[in-house]
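For reference, the chains in residue letters:
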Amino acid sequence: DAGVIQSPRHEVTEMGQEVTLRCKPISGHNSLFWYRQTMMRGLELLIYFNNNVPIDDSGMPEDRFSAKMPNASFSTLKIQPSEPRDSAVYFCASSLGLGSYNSPLHFGNGTRLTVT
Amino acid sequence: KNQVEQSPQSLIILEGKNCTLQCNYTVSPFSNLRWYKQDTGRGPVSLTIMTFSENTKSNGRYTATLDADTKQSSLHITASQLSDSASYICVVSLGSNSNSGYALNFGKGTSLLVTP
């Protein structure tokens, strides 16, 4: 199993540009999570999907952020327009269920976003 | 307010020495507690998980303990190796009777550096 695959690994963009982060979850997992990690705040949940349906997007900072999961094997996180304060590492994770005892989160290796 | 507090924030130890990382939580109702290890530039990986009925759980040189009464957990690393240098994140899961739609509460992590 290749694990959770995220692309790109690094993204550098200018303020105001659109950024799209991509994630392929582990096959068979029915939950997908997008997290943002910074030194100051640690890991913060942005949004999660269950069976491709967005369940809770209350962690999405503002309307500039949007996420989609068109099918069980693909999800995107889009920032439009991007701002310097969006600079962080963005992680995608998948699991069976919502992080219960037998279903740990499996994280991708993240996308490091730098907005100049 | 973060319901999971970890200490110390960072730690430096010599190779071969033991160390203990702490996690205090106020999450209620409690379901389980998991420790993740995050290597630099990678996503977190689950090390151990414990429910309220499990006081201790080992994974090689890693031993986690849980006191559900005091709401404290520790992660003990024995005979540290250079490869133990990483961030260790404590994650507490809410019980199924919680009104929260999402169960996981993350600590900000302890950054461990093992030096030769």
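You'll find the structure just up there.
Each chain has its residues counted from 1, following the order in which its sequence is written. Chain A is the first chain written and ligand 1 is the first ligand written, with later ones labelled in order. Side-chain atom pairs in this predicted model are given and counted only at pLDDT of 80 or more, local residue features only at pLDDT of at least 70, and totals for whole chains, interfaces and linings cover all residues. Hydrogens and water molecules were not included; the side-chain quantities draw on all heavy atoms of the structure.

### Brief notes about the overall build of chain A
Worth spelling out the cut-off: We count a stretch as a helix when DSSP gives it H or I for four or more residues in a row; a strand needs E for two or more, and each element gets its number in order from the N terminus. Computation of the radius of gyration draws on C-alpha atoms alone. For the globule rule, the value is 2.2 Å times the number of residues to the power 0.38.
In terms of helices and strands, chain A carries zero helices and 11 strands. Scanning chain A from its N terminus toward the C terminus, one meets helices and strands in the order β-β-β-β-β-β-β-β-β-β-β. Radius of gyration (C-alpha) of chain A: 13 Å, near the 13 Å computed for a compact globule of 116 residues. Taken along the three principal axes of its C-alpha coordinates, chain A extends 40 × 30 × 25 Å.

### Quick notes on the state of the cysteines
All names here are of chain B. Cut-off, in case you're wondering: Counting rule for disulfides: a pair of cysteine sulfur atoms within 2.5 Å. Relative accessible area decides the class of each residue, using a 1.4 Å probe on protein chains only: under 20% of the type maximum gives buried, over 50% gives exposed, and in between gives partly exposed.
Tallied over the full model, the rule gives two disulfides over all chains. The thiol of C19 is not disulfide-bonded; the next cysteine sulfur, from C23, is found 15 Å away. According to the relative accessible area criterion, C19 is buried, its value standing at 6%.

### Concerning unusual backbone geometry
Residue and element names in this part refer to chain A. The peptide bond linking S7 to P8 adopts the cis configuration, its omega dihedral lying at -10°. Relative to the elements of secondary structure, P8 occurs in the loop between β1 (5-7) and β2 (10-13). Each neighbour pair has its own omega, and for Q80 with P81 the value is -5°, a cis peptide bond. One can find P81 in the loop between β8 (74-79) and β9 (88-95). In this structure, N51 is a non-glycine residue whose phi angle is positive, near 55°. Positionally, N51 belongs in the loop between β5 (42-50) and β6 (53-56).

### Here's the deal with the nonpolar core
Rules: Here, the term nonpolar core denotes a set of buried Ala, Val, Leu, Ile, Met, Phe, Trp, Tyr and Cys residues that are joined through side-chain atoms within 4.5 Å. Any pair of residues with heavy atoms lying within 4.5 Å of one another is described as a contacting pair.
The biggest cluster of nonpolar side chains holds 25 residues, and the ones touching the most others in it are Y25, L33, W35, L75, Y88 and V92 of chain B. Elements supplying a minimum of two residues to this core: β3 (19-25), β4 (30-38), β5 (45-51), β7 (62-67), β8 (72-77), β9 (86-94) and β11 (110-115) of chain B. Those residues in contact with L33 of chain B that sit more than four places away from it in its chain are C23, Y25, T48, I49, M50, L66, S73, C90, V91 and V92 of chain B. Counting 21 residues, the second largest nonpolar core, distinct from the first, contains I47, F49, F65 and C92 of chain A.

### Overview of the pattern of salt bridges
Here the idea is simple: oppositely charged side chains can pair when their charged atoms come close. All names here are of chain B. The following threshold applies: Criterion for a salt bridge: a side-chain nitrogen of Lys or Arg within 4 Å of a carboxyl oxygen of Asp or Glu.
Scanning all chains against the criterion turns up 11 salt bridges over all chains. Among the salt bridges present, the one from K37 reaches D39, with a minimum N-O distance of 3.7 Å. The class of K37 is buried, set by a relative accessible area of 15%. Under the relative-accessibility criterion, D39 is labelled partly exposed at 32%. Among the ionic pairs, E54 bridges to K57, the shortest N-O distance being 3.4 Å.

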